[in-house]
Amino acid sequence: MHTRTKTLRKWALGGFLFSLQGEGEVYNYLVAEFSHLPDAHHNPNCHLAIRLVQYLPAPPVGATITKEYIGWKCGYQKLTDNLKYQYTESEEAPELLLDIATYKKNPYLLRRVFQFFDSNYLTDAQLHAKNFMYGCFNLVSAILISRMQIGCYFHASSFEKNGYGVALVAAGGVGKTTSMMRLVAHHGWRYLSDDIALVGSRGELIRTPLRMQVYGYNVKGDNELRKKLLNERSLLDLISWNLRIFRKGPFRTRRRIHAEEIFGSPSVSDRAHCAAIIFMERAQISDFVVKRIENSELISKLMHIMPNEIGDLDSTSDGLSLVHCELPGFSRVDYERLSETFLKTTIGDIPIYIFRIPASSSPDELTENVARFLDQYVSLPPVATGS
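All of the points below concern the structure found in this document. Everything numeric here is computed off the predicted structure, so don't read it as measured data. Residue positions are given per chain, counting from 1 as you read along its sequence in written order. Under the rules for a predicted model, residues below a pLDDT of 70 receive no local features and side-chain atom pairs below 80 are neither given nor counted, while totals for whole chains, interfaces and linings still include all residues. Side-chain metrics in this entry use all non-hydrogen atoms of the structure; hydrogen atoms and water are not considered.

A separate point is the pattern of salt bridges. For this analysis, a salt bridge means a side-chain nitrogen from Lys or Arg found within 4 Å of a carboxyl oxygen belonging to Asp or Glu. This structure, assessed with the given rule, holds 17 salt bridges. The salt bridge involving Asp-237 is made with Arg-255; its shortest N-O contact spans 2.9 Å. Remark: Arg-255 occurs in strand β15 (residues 254–257) and Asp-237 occurs in helix α7 (residues 235–248); sequence separation between them is 18 residues. The partner of Asp-334 in a salt bridge is Arg-337, and the shortest N-O contact between them spans 3.6 Å. Here Asp-334 pairs with Arg-337, and both are found in helix α11 (residues 332–346), just three residues apart, close to one helical turn. The classification of residues rests on relative accessible area computed with a 1.4 Å probe and restricted to protein chains. Under 20% of the type maximum is buried, over 50% is exposed, and intermediate values are partly exposed. The class for Asp-334 is partly exposed, based on a relative accessible area of 22%. We classify Arg-337 as partly exposed; its relative accessible area is 47%. When salt bridges with common partners are traced through the structure, they connect Glu-33, Arg-211 and Arg-256 into a single cluster. Secondary structure elements follow DSSP: runs of H or I of four or more residues count as helices, runs of E of two or more count as strands, with numbering from the N terminus.

Written as structure tokens, this is what we have:
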């Protein structure tokens, strides 16, 4: 009997090597998600093996079962309505199984209706892949990277110029994505990441695999960016966008897009030396205020924001404790300890600032003040080239 071979791909996320094996629409969409990362198929090492399966295997005898988690000493299953996966560790590479049977192929017309009213205008397969990226891959890769002490995720938008990068760190809705987009589109910077940034062991900012998630408010008042975001979209997509803006507002309407599609390939980079980290926060003040802070203060702020941005580490940590799963790094306490250890040795020489923003400032005002600050205070010498 002929057995169809599933395609295997491998990529490098900084020093973290992972593979993906599968087929079908969800697989193709995940391949597109990872497509800009360096290919690593010639490297024999692998730190995480991801496989797409029709159904998860039965858990081992004696596993502890709750409503959302099934756990045992070296692995667990997470079972929710929109995402089912299994993570296990062994002497070989950790393995991550994504159940694609939960991706239900509804009748064509029903699928188009669901897509029309989805906040991202995603198909069933695209939505399943997105749920995996945000609810699983971010979490597992962040934990393994921190355990290996080769990098650390943090909640930031990052960009570079002349090989020197800057990370804007902030809670959601402060303005980091809007500022990054306008700095790249209008001020000569190059895109590295949106929402989740990765700093490597040599203090470099590394591009992360997630597509950009652009909200209506990110492009409000910037006709050039808005046109690039919506350019070449179908008539139904445009109608869905405008109807949702009208009904739900710009904070609940978004589209996922590769940075190359909105900025162009020349304005996208893959890594850069980190020249500055800027923590942004809004406050009831009348003018912008910037001051230098210690890295310990930044680390404290990062640990307050980051765990809930990587697949909801808090709830995962609580769930695994209930099912007696003994995986190092999967508790919030472990993750924070490992991340703090790494950051203390990596960002010690990087200038760190707190950037306080008037609560009433517009996107244009914020971007212009960030650009002015970067020009004045952040040293970005041209990268030396060989003779």
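Resuming the write-up.
Let's shift gears to the packing of aromatic side chains. The pairing test for Phe, Tyr and Trp rings, Trp by its six-membered ring, is centres within 6.5 Å, and the orientation test on the planes gives stacked under 30 degrees, edge-to-face over 60, and tilted for anything in between. In total, this model carries 20 aromatic pairs according to the counting rule given. Between Phe-116 and Phe-117 the ring centres are 5.1 Å apart and the planes differ by 80 degrees, which places this aromatic pair in the edge-to-face class. Both rings, one in Tyr-191 and one in Phe-263, keep their centres 5.9 Å apart while their planes meet at 35 degrees; by these two values the pair is tilted. One end of the pair, Tyr-191, is in strand β11 (residues 190–193); the other, Phe-263, is in helix α8 (residues 259–263), and 72 residues separate them in sequence. Assigned by exposure class, Tyr-191 and Phe-263 land together as buried. An aromatic cluster is built from Trp-11, Phe-16, Phe-18, Phe-34, Phe-132 and Phe-137, whose rings are joined through pairwise contacts. The ring of Tyr-29 carries the charged tip of Arg-211 above its face, separated from the ring centre by 4.3 Å. Should the NZ of a Lys or the CZ of an Arg lie within 6 Å of a ring centre and within 35 degrees of the ring normal, that charge is described as sitting over the ring. Directly above the ring of Tyr-353 sits Arg-292, whose terminal nitrogen or CZ lies 5.6 Å from the centroid.

Attention now moves to the environment of Glu-91. Take Glu-91: it is sitting in the loop between β7 (84–88) and β8 (95–99). For the pair Glu-91 and Pro-60, spaced 31 residues apart in the sequence, the C-alpha separation amounts to 17 Å.

What follows covers helix α9 (residues 295–305). Listed in full, the buried residues belonging to α9 are Leu-298, Ile-299, Leu-302, Met-303 and Ile-305. Relative to the axis of α9, the buried residues are bounded by an arc of 160 degrees and lie together on one face. Away from the buried face of α9 by more than 90 degrees, exposed residues Ser-300 and His-304 are located. The inward-facing, buried residues of α9 contact β9 (151–161), β10 (164–169), β16 (271–283), α11 and β18 (352–358). What the arc describes is the spread of directions from the helix axis to the C-beta atoms. Contact between two residues is taken to exist if any of their heavy atoms lie within 4.5 Å; hydrogens are not considered.

Another point: the pairing of strand β5 (residues 69–72). Of the two faces of β5, the one holding Tyr-69 and Gly-71 and the one holding Ile-70 and Trp-72 are both buried throughout. By definition, two strands form a pair when at least two bridges between them are found by DSSP. As defined by bridge partners, strand β4 (residues 64–65) adjoins β5 across two bridges and the pair is classed as antiparallel. When the bridges of β5 are listed, Thr-64 appears paired with Gly-71. Bridging between β5 and strand β6 (residues 75–79) involves four bridges; their strand directions are antiparallel. By the bridge assignment, Trp-72 is partnered in β6 with Gly-75. Between the end of β5 and the start of β6, which pair antiparallel, lie two residues.

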